[in-house]
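Take a look at the letters that make up each chain.
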Amino acid sequence: MAAPIEIRGFQYWPGHLDVSAQSTLLSDLRAVVAAAPLYSPVTPGGRPMSVRMTSAGRLGWITDQRGYRYETHHPAGQPWPPIPPAVLDIWHALTGLARAPDCCLVNFYGEGAKMGLHQDRDEGDFSFPVLSISLGDEALFRMGGPNRTDPTESLWLKSGDVLLMGGPARLAWHGIDRLRFRSSRLLPGGGRINLTLRVVEGATSPLSS
Ligand code: MD3
Ligand code: FE
């Protein structure tokens, strides 16, 4: 596999997945979404997010009026479906870890959707990296540093790109400013899917088995 590009402490594999691998992932994700439908999350402050979400794995990331957290079940009551094996293969190949992720968050961006600058810090162990897989329309990703006011750098993420945030980059501020709607033909109706793979509970967590 090609060597990643290093940008601001994270690793970037542009075009890691070819169109055939992207299509396979997309059909796996259709099965995930059939079992655990995309829903519109609300922030703890009561604002609806423009991104629609669901999860696969033992734990799914949730936000509602009660806060940000991980849950074992979809808001509609069913357990999250398993993470597709093809997604786990990418995780193990690029992280080199034997440990599987607990959560595969599925973000869907329709026309005009974005995600404000934030840190991922609802997990119990920041020593594990976070892996992101982009599918569909191009998105303007913004990456800063560990402090909110650190200077940021922007990058257009394309279908098939993979990012790995570990070490100091794990707690960097980041977000999605905008989409180039219908810039990709992967999704017939347009839009973008981002998969974010995370270990939620480290080996030392009392909740781990
Ligand atoms: C940098 N998702 O779900 S992926 C998220 O494209 C999220 O949907 C964005 O941020 C998306 O939390 C960005 C790239 C990404 C993911 C996790 C990170 C960058 C990150 C964690 C730490 C630092
Ligand atoms: Fe994030």
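Above this text sits the structure in question.
Residues numbered from 1 in each chain as written. Chains lettered and ligands numbered in written order. Predicted model: local features only at pLDDT ≥ 70, side-chain atom pairs only at ≥ 80, totals over all residues. Heavy atoms only, no water.

### Quick word on the site of ligand 1
Now for step 1: Every one of the 20 residues lining ligand 1 counts as a neighbour, but Asn 107, Tyr 109, His 174, Arg 192 and Arg 198 are closest to it.
Now for step 2: The side chain of His 118 places a nitrogen or oxygen atom 3.1 Å from an oxygen atom of ligand 1.
Now for step 3: Asn 194 is positioned with one of its side-chain polar atoms (N or O) 3.4 Å from an oxygen atom of ligand 1.
Now for step 4: For ligand 1, the accessible surface in isolation is 490 Å², of which the surrounding protein chains cover 98%.
Now for step 5: The set of elements that each furnish at least two residues to the shell around ligand 1 consists of β6 (103-109), β7 (115-118), β8 (130-136), β9 (138-143), β12 (174-180) and β13 (192-198).
Now for step 6: When residues in the shell around ligand 1 are grouped by element, the largest group, four residues, is from β13.
Now for step 7: Broken down by class, the residue content of the shell around ligand 1 amounts to 10 nonpolar, six polar and four charged. (Near = heavy atom within 4 Å. Polar contact = N/O pair within 3.5 Å; in protein donor to acceptor, adjacent residues only side chain to side chain. Areas by Shrake-Rupley, 256 points an atom, 1.4 Å probe, with all protein chains shown as cover. Helix = DSSP H or I, 4+ residues; strand = E, 2+ residues; numbered from the N terminus. Nonpolar A, V, L, I, M, F, W, Y, C, P; charged D, E, K, R; others polar.)

### Digging into the pattern of salt bridges
Now for step 1: For the structure shown, the criterion picks out 11 salt bridges.
Now for step 2: Between Arg 170 and Glu 123 there is a salt bridge; the shortest N-O distance is 2.8 Å. With Arg 170 in the loop between β11 (162-165) and β12 and Glu 123 in the loop between β7 and β8, this residue pair connects regions lying 47 residues apart in the sequence. Both residues of the pair, Arg 170 and Glu 123, count as buried.
Now for step 3: Notably, a salt bridge pairs Arg 198 with Glu 123, separated by 3.6 Å at the nearest N-O pair. In this pair, Arg 198 sits in strand β13 while Glu 123 sits in the loop between β7 and β8, placing the two residues 75 residues apart along the sequence. (Salt bridge = Lys/Arg side-chain N within 4 Å of Asp/Glu carboxyl O. Buried < 20%, exposed > 50% of the residue type's maximum accessible area, 1.4 Å probe, protein only.)

### Things to note about the sheet that holds strand β1 (residues 5-7)
Now for step 1: Across the sheet, which stays open at both edges, the seven strands sit in the order β1-β2-β11-β8-β13-β6-β3 with antiparallel pairing between neighbours. For this open sheet the edge positions go to β1 and β3 (52-57), each flanked by a neighbour on one side alone. The average angle at which neighbouring strand axes cross in this sheet is 20 degrees, direction not considered.
Now for step 2: For β8 and β13, the ladder comprises six bridges, and the chain directions are antiparallel. Its bridge partner lying in β13, Ser 132 is registered against Thr 196.
Now for step 3: The sheet strands contacting helix α2 (residues 85-95) are β2 (10-13), β6, β8, β11 and β13, and the helix crosses β8 at an angle near 130 degrees. (Pairing = 2+ DSSP bridges. Axes fitted to C-alpha atoms, helices over the stretch in contact; angles between N-to-C directions. Contact = heavy atoms within 4.5 Å.)

### Considerations on the packing of aromatic side chains
For any pair of aromatic rings, the description consists of the separation of the ring centres together with the inter-plane angle of the planes.
Now for step 1: What the rule picks out here adds up to two aromatic pairs.
Now for step 2: Both rings, one in Phe 10 and one in Phe 141, keep their centres 6.1 Å apart while their planes meet at 80 degrees; by these two values the pair is edge-to-face. Highlighted residues: Phe 10 in strand β2 and Phe 141 in strand β9, separated in sequence by 131 residues.
Now for step 3: Given the relative accessible area of 1%, Phe 10 is considered buried.
Now for step 4: Judged by relative accessible area, which is 6%, Phe 141 ranks as buried.
Now for step 5: Consider the rings of Trp 61 and Tyr 68, whose centres lie 5.6 Å apart with planes at 25 degrees: the pair is stacked.
Now for step 6: Among the residues examined, Trp 61 registers a relative accessible area of 11% and is labelled buried. (Phe/Tyr/Trp six-rings, centres within 6.5 Å; stacked < 30°, edge-to-face > 60°.)

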